[in-house]
Amino acid sequence: MPVPTLRFHEGTLILDHWVEKTNPPLFRWDPRSRTWRAMALHYAKILKAFEEHQISHEDEALAFTHLELNIKLNYDLYDHQSEALFEWMNQGSRGTVILPTGSGKSLVAIHAMAEMGTSSLVVAPTIDLMNQWYDRIGDAFKIDVGILGGGYHEIRPITVSTYDSAYRHIDRYGHRFGFLIFDEIHHLPAPTYSQIPELSLAPFRLGLTATYRRSDAQHLKLNHLIGPVVYEKRIKDLKGEHLSEYEIHRIHIALTPQEKKEYSALSDSYHQYVREKGIRFYGRRWETFIKESTYTPQARRAMLARKEMRQILFGAELKLEALESLLKQHHKDRMIVFTEANDLVYRISRRHLIPALTHKTDTVERKAILDRFRRGEYRMIVTSKVLNEGVDIPDANVAVILGGSASPIEHLQRLGRILRKKSGKKAILYEIITSGTQETNISYRRRESDAYR
Amino acid sequence: MLTADLIRSRTVGDNISPRYITRRYSANYLDDCLKLIGTFEKHIGKTQEELMSALENLEGKRTDFKIFRGLAKLLSEDGEFSPARQINYPALRHSIFSRAQNHYPIVSKSDLLHQNQRDQILSEAAQEFEVPVKVIDGLLYGDLPENQILTSFKTTHTPETLLKRYNLAQAQGLLYRAIRLRILLKEDYRIVFQYIKLSGLMHWITPLPSNGMEIILDGPSSLFRNTQRYGIRMANFLPGLLLAKTWEMRADIQTPQGPKFFYLDPKCGLTSHYSPGKRFDSQIEEKFFIKFTRKEREWTIEREGEVIDLGDSVFIPDFTFRHPDGRSASLEIVGFWTPEYLNKKIGKIKRSKRKNLVLAVNKQLNCSRDDFQGEIMFYRTGLKIGECLEKLEKVAC
């Protein structure tokens with residue numbers, strides 16, 4: 001008589017040879033395949049239930065392996081890092097650690113990997129962050145790391161991925177990893193991304209973020225997908241301890257007369273429409289506006305006007321002049337220039353012969369550019385949004401923001417780029433904004449984020 | 001297929017449907033199609049950016065820009081892009097940027113302190129990479145998609161077929177958001193199940209009291225939650241369904257306004273670009289069918305007229321025979337000889353647990369009676385009708 005046997009099937013668990021009259025715990029009958037089926041998420045709970053009820057079984061589901069991981073490149077952990085690690089393991093190796101950008105979250109994860117000693121999948125929101133995990137883990141353990149995403153499809157015992165690629169492929173690989181790590185976990189509660197932990201067997205789960213709480217309260221879902229919040233420290237608690245001090249300069253510039261003329265013409269026609277329709281920049285009316293622009297000519301014109309207005313703002317000639325003067329002032333420093341739009345990145349790159357990084361930059365070249373920047377071979381980088389979240393440029397001490405959107409999370413994380421501890425270094429952040437336009441408003445909203453208090 | 005942002009749908013009550021280019025308006029768009037094809041052809045040898053801005057100009061301020069971009073997107077699948085010169089672009093950039101390090105700041109306006117060194121750096125790099133100084137500026141990012149050249153554009157589309165493909169792509173695009181498909185099917189089981197299998201969807205079959213069956217399609221994790229994860233598989237499957245003659249489909253679509261239904265049947269006028277396959281697998285089958293139907297018989301014959309559900313797959317015998325008294329029996333011809341095929345077939349036959357099944361096995365296969373279960377006849381060049389009828393009578397129920 002064959003014993004009940006667990007197997008993995010496209011992100012779910014199937015139990016074969018179950019002959020008891022009762023339903024197996026956490027399983028549901030699937031009339032399509034005529035088998036008992038459960039969510040892969042419940043794997044650990046199912047094993048526990050089997051043990052409690054002394055149900056003998058075979059396990060053909062799990063395909064993750066024991067890994068002997070030794071940290072070759074050992075940094076001393078800061079207090080907050082070892083506390084976070086301790087609390088996480090104390091809570092059954094499940095849950096989220098909240099630490100500000102630049103406080104060394106990835107080191108917590110690397111130590112957790114070494115402690116768990118099992119196949120691990122690291123999921124990050126962007127290709128750049130994924131690539132950065134790739135570098136970090138490879139350096140820490142001196143092993144070959146697999147990549148799933150950004151044109152790569154190579155699964156290894158330790159693999160890095162993006163949310164998009166992991167979502168797409170988790171049903172094929174959900175049994176290959178015993179440990180899941182989610183970087184910037186506030187992205188996870190989306191209906192699609194939350195399927196990554198659902199379709200995975202991994203008993204151990206770690207979430208990392210600087211901004212856990214979402215205005216839509218969706219972070220509450222993380223409790224059952226990942227585990228509770230196990231540790232939290234805010235930027236105020238850590239400032240000075242290991243983050244470098246920083247100062248902020250805001251540079252106000254005006255549009256050129258020509259730009260101003262174009263801008264106000266566009267602005268008039270746009271605002272007339274907006275006033276007439278009572279559009280607000282949130283809620284349903286904005287959606288309605290977008291929808292209307294696909295069938296009413298007035299709305300379409302207003303939408304195009306708005307787009308052109310933004311182009312004038314982000315590309316304003318005087319902004320580029322202001323940038324030029326900063327380039328002169330700081331040409332011996334390590335500088336990162338952030339812009340909103342890709343075409344401006346390439347314009348600056350060509351004009352000032354500064355290496356550009358955008359989402360279009362190939363993985364290999366990206367790594368080469370960042371490595372050269374770290375080594376000091378390159379002193380400047382101009383980039384669009386790619387570096388927004390947590391991508392770490394350890395030696396940058398000057399950052400310039402040219403244009404940007406109003407999200408406080410985004411801004412806080414941009415700031416994080418330059419907040420790296422380096423003895424005797426004071427980081428400077430410049431924000432170049434255009435006066436008398438919508439942008440002043442955006443910058444004001446930014447300031448409300450925690451980092452400025 | 002189209003990207004999700006180019007999909008247009010209309011919701012009325014509980015129903016959602018694609019916004020097709022209907023016959024009434026197709027005349028307007030035929031002209032656009034011609035212009036689009038012309039624009040692509042004119043831009044062979046030009047950069048993608050030039051092509052895009054030409055398309056943008058053509059688009060103008062029209063409000064139906066989504067349709068226009070959709071048509072362009074489908075055409076762009078027939079184009080090939082590559083960089084203007086075959087050089088190592090990352091190396092070129094590195095050469096320029098590392099030279100620039102010693103001359104920072106590179107300024108656009110020279111003054112007493114800062115001389116513009118840009119031209120000198122570029123001309124040094126041009127020399128190193130053996131390209132004219134004139135083009136080096138433009139080559140710096142020559143490998144970026146927008147700077148690549150449209151090297152070839154070979155489309156098989158006419159304006160008419162492009163509109164047809166557009167409408168199909170709209171229906172497929174609506175399915176990206178589908179969580180489940182329900183299909184009523186009366187014939188053409190094999191081709192439909194072939195594309196179900198290819199798409200990787202799971203089926204749930206209920207025979208209908210009259211004739212035919214209801215098929216519900218979704219994926220493994222659909223048992224636990226409504227998910228759009230399998231929507232792309234459903235979109236891939238749709239052209240397979242269109243190959244059948246009689247069918248009805250209902251897709252359950254998830255929208256921010258709640259669940260909606262998308263109904264489709266052959267009256268939709270959509271056309272498939274998938275291969276309908278051959279009507280018969282082999283000459284043996286074809287000859288047998290012709291011979292059997294040449295004469296009026298008590299038993300009626302139906303080609304692939306029955307689906308035996310095996311859970312994770314289906315078994316569709318080659319022929320099903322029905323008697324006026326209500327009895328029926330099936331015939332499966334085993335003619336191929338690769339071991340995998342044979343094993344799979346034997347496994348399926350065993351799992352089907354059919355009593356009223358006759359197997360016709362090619363004598364050259366070197367199989368013995370013991371390899372199979374149930375009623376067997378061997379054949380060499382063709383099936384004998386008499387022997388077949390005899391076996392049918394024996395097993396039918």
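Worth saying up front: this structure is predicted, and the values here are computed from it rather than measured.

Draft legend 1. Quick peek at the overall build of chain A. Each helix and strand counted, chain A has 16 helices and 19 strands in total. Looking at chain A as a whole, 46% of its 453 residues are labelled buried. Put simply, 74% of the contacts in chain A that link residues at least 6 apart link residues at least 24 apart.

Draft legend 2. Spatial organisation of the nonpolar core. Residues A:Leu13, A:Val97, A:Val123, A:Ile137 and A:Val160 are the most contacted members of the largest nonpolar core, which totals 71 residues. At eight residues, helix 4 (residues 127-141) of chain A tops the list of elements feeding residues into this core. Two domains share this core, each providing at least three of its residues, namely domain 1 (5-59) and domain 2 (79-238) of chain A. Not counting residues within four places of it along the chain, the set of residues in contact with A:Ile137 comprises A:Ile110, A:Val145, A:Ile158 and A:Val160. Of all hydrophobic cores here, the second largest spans 59 residues; its members include B:Leu175, B:Leu217, B:Leu242 and B:Phe262.

Draft legend 3. Structural context of the sheet that holds strand 10 (residues 158-162) of chain A. All names here are of chain A. Spatially, eight strands are ordered 9-8-10-7-11-12-6-13 in an open sheet, and the strand pairing comes out mixed. The outermost strands of the open sheet, each flanked by one partner alone, are strand 9 (152-154) and strand 13 (229-232). Across the sheet, the mean angle separating the axes of adjacent strands is 20° when strand polarity is ignored. With five bridges connecting them, strand 7 (residues 120-124) and strand 10 associate as parallel partners. If you follow Val-123 over to strand 10, its bridge partner there is Ser-161. Sheet contacts for helix 2 (residues 79-90): strand 6 (94-98), strand 12 (204-209) and strand 13; angle to strand 13, the most-contacted strand, approximately 165°. Along the sheet, helix 4 makes contact with strand 7, strand 8 (146-149), strand 10 and strand 11 (179-183), crossing strand 10 at roughly 165°.

Draft legend 4. Representation of the interface of chain A and chain B within the structure. Facing 36 residues of chain A, the contacting portion of chain B comprises 34 residues. When residues of the side of chain A that touches chain B are traced back to their parent elements, those giving at least two are strand 3 (28-30), strand 4 (35-39), helix 11 (297-315), helix 12 (317-329) and helix 13 (342-352) of chain A.

Draft legend 5. Up close: the domain arrangement of chain B. All names here are of chain B. Splitting chain B by domain gives domain 1 (4-83 + 148-165), domain 2 (89-141), domain 3 (176-268) and domain 4 (283-395). When each unit is reduced to the centre of its C-alpha atoms, the spacing between domain 1 and domain 3 is 28 Å. The partner domain 3 presents eight residues to the six residues of domain 1 that form the contact. No other element matches the three residues that strand 2 (residues 15-18) contributes to the side of domain 1 that touches domain 3. Split by residue class, the side of domain 1 that touches domain 3 holds two nonpolar, three polar and one charged.

Draft legend 6. A look at helix 1 (residues 23-42) of chain B. Residues and elements named next belong to chain B. For helix 1, which comprises 20 residues, the first-to-last C-alpha distance of 28 Å matches the rise-based estimate of 28 Å (1.5 Å per residue) to within 8%. The sharpest bend along helix 1 reaches about 35° and sits at Tyr-29. All buried positions along helix 1 are accounted for by Asp-32, Cys-33, Leu-36 and Phe-40.

Draft legend 7. Layout of the pairing of strand 6 (residues 202-207) of chain B. Residue and element names in this part refer to chain B. Inspection of the sheet shows strand 6 paired to strand 7 (residues 213-218) by six bridges, in the antiparallel sense. Looking at strand 7, one finds that Thr-206 is bridged to Glu-214. Between the end of strand 6 and the start of strand 7, which pair antiparallel, lie five residues, with Gly-212 showing a positive phi angle near 85°.

Draft legend 8. The arrangement of the pairing of strand 18 (residues 398-402) of chain A in detail. Residue and element names in this part refer to chain A. The element strand 18 is largely enclosed, with a buried count of five among its five residues. Burial of strand 18 is two-sided: the residues Val-398, Val-400 and Leu-402 facing one way and the residues Ala-399 and Ile-401 facing the other way are all buried. With five bridges joining them, strand 15 (residues 335-339) and strand 18 adopt parallel strand pairing. Bridge pairing in strand 18 places Val-337 opposite Val-400. Strand direction decides the pairing type here: strand 18 and strand 19 (residues 427-434), joined by five bridges, are parallel.

Draft legend 9. Representation of the sheet that holds strand 10 (residues 300-303) of chain B within the structure. All names here are of chain B. If you walk across this open sheet you meet the five strands as 10-13-14-15-16, and the pairing is mixed. Strand pairing shows two members of the sheet lacking a second neighbour, strand 10 and strand 16 (375-379), which therefore form its edges. Taking each pair of neighbouring strands and ignoring which way they run, the sheet shows an average axis angle of 25°. Relative to strand 13 (residues 319-322), strand 10 runs antiparallel, the two being bridged by four bridges. Note that in strand 13 the partner of Ile-301 across the bridge is Phe-321. Sheet contacts for helix 10 (residues 283-293): strand 10 and strand 14 (328-334); angle to strand 10, the most-contacted strand, approximately 150°. Its contacts with the sheet place helix 12 (residues 385-395) against strand 13, strand 14, strand 15 (357-362) and strand 16, and it is angled at close to 170° to strand 16.

Draft legend 10. Layout of unusual backbone geometry. With an omega dihedral of -5°, the bond running from B:Tyr104 to B:Pro105 counts as a cis peptide bond. Following the sequence through the fold, B:Pro105 ends up in the loop between helix 4 (89-101) and helix 5 (118-129). The phi torsion at A:Ser93 lies on the positive side, around 55°, for a residue other than glycine. In this structure, B:Glu130 takes a positive phi of about 55° despite not being glycine. Take B:Glu130: there are 7 C-beta atoms within 10 Å of it, and that puts it in the exposed class.

Draft legend 11. Up close: the confidence of the model for chain A. Residues and elements named next belong to chain A. Predicted confidence across chain A gives a mean pLDDT of 82, with 83% of residues reaching 70 or more. Of the regions scoring below 50 in pLDDT, residues 404-410 engages in 15 contacts with residues more than four places distant in sequence or in other chains. The model gives residues 439-453 a pLDDT under 50, and that stretch makes 27 contacts with residues more than four places away or in other chains.

Draft legend 12. Highlighting the environment of B:Leu217. Residue and element names in this part refer to chain B. Relative to the helices and strands, Leu-217 is located in strand 7. With 53 residues separating them along the chain, Leu-217 and Lys-164 place their C-alpha atoms 25 Å apart. Setting aside anything within four residues of it in sequence, one finds Leu-217 in contact with Leu-181, Ile-183, Ile-196, Leu-201, Met-202, His-203 and Met-234.

Draft legend 13. Focus on the environment of A:Leu220. On the secondary structure map, A:Leu220 appears in the loop between strand 12 and helix 7 (222-225). Taking the C-alpha atoms as reference, A:Leu220 lies 25 Å from A:Pro25; in sequence the two are 195 residues apart.

Draft legend 14. Broad picture of the packing of helix 7 (residues 159-175) of chain B against helix 9 (residues 231-241) of chain B. Residue and element names in this part refer to chain B. Relative to each other, helix 7 and helix 9 sit at 150°, their axes nearing to 7 Å. Regarding the angle of helix 7 to helix 9, the classification is roughly antiparallel. In this structure, helix 7 crosses over helix 9, and the sense of that crossing is right-handed. The residues of helix 9 that touch helix 7, namely those facing Leu-168, Ala-171, Gln-172 and Leu-175, are Gly-231, Met-234, Ala-235, Leu-238 and Pro-239.

Draft legend 15. Just helix 9 (residues 257-277) of chain A, in detail. All names here are of chain A. With 21 residues, helix 9 should cover 30 Å at 1.5 Å per step; its first-to-last C-alpha distance of 30 Å lies within 8% of that length. Those residues of helix 9 lying buried are Tyr-263, Leu-266, Tyr-270 and Tyr-273. Viewed end-on, helix 9 has its buried residues packed into an arc of 100°, placing them on one side of the element. The exposed set on the far side of helix 9, more than 90 degrees from its buried face, consists of Pro-257, Lys-261, Asp-268, Arg-275 and Glu-276. Immediately beyond the C-terminal end of helix 9, within one or two residues, lies Gly-278, with a positive phi of roughly 65°.

Draft legend 16. Broad picture of the packing of helix 2 of chain A against helix 3 (residues 105-116) of chain A. Residue and element names in this part refer to chain A. Relative to each other, helix 2 and helix 3 sit at 45°, their axes nearing to 9 Å. If you check the angle between helix 2 and helix 3, you find them oblique. Pair helix 2 / helix 3 crosses with right-handed handedness. On the side of helix 2, the interface is formed by Gln-81, Ala-84, Leu-85, Trp-88 and Met-89, while helix 3 contributes Leu-107, Val-108, His-111, Ala-112 and Glu-115. Broken down by class, the residue content of the contact of helix 2 with helix 3 amounts to seven nonpolar, two polar and one charged.

Rules behind the numbers
Residues numbered from 1 in each chain as written. Chains lettered and ligands numbered in written order. Predicted model: local features only at pLDDT ≥ 70, side-chain atom pairs only at ≥ 80, totals over all residues. Helix = DSSP H or I, 4+ residues; strand = E, 2+ residues; numbered from the N terminus. Buried ≥ 20, exposed ≤ 12 C-beta atoms within 10 Å, placed from the backbone. Contact = placed C-beta atoms within 7 Å. Core = buried A, V, L, I, M, F, W, Y, C linked by C-beta atoms within 7 Å. Domains from an automatic or database assignment. Pairing = 2+ DSSP bridges. Axes fitted to C-alpha atoms, helices over the stretch in contact; angles between N-to-C directions. Nonpolar A, V, L, I, M, F, W, Y, C, P; charged D, E, K, R; others polar. Expected span 1.5 Å × (residues − 1). Bend = angle between axes of the 7 residues up to and from the residue. pLDDT = per-residue confidence, 0-100. Parallel < 35°, antiparallel > 145°, perpendicular 65-115°, else oblique. Left-handed = near helix turned anticlockwise from the far one by under 90°. Arc of directions from axis to C-beta.

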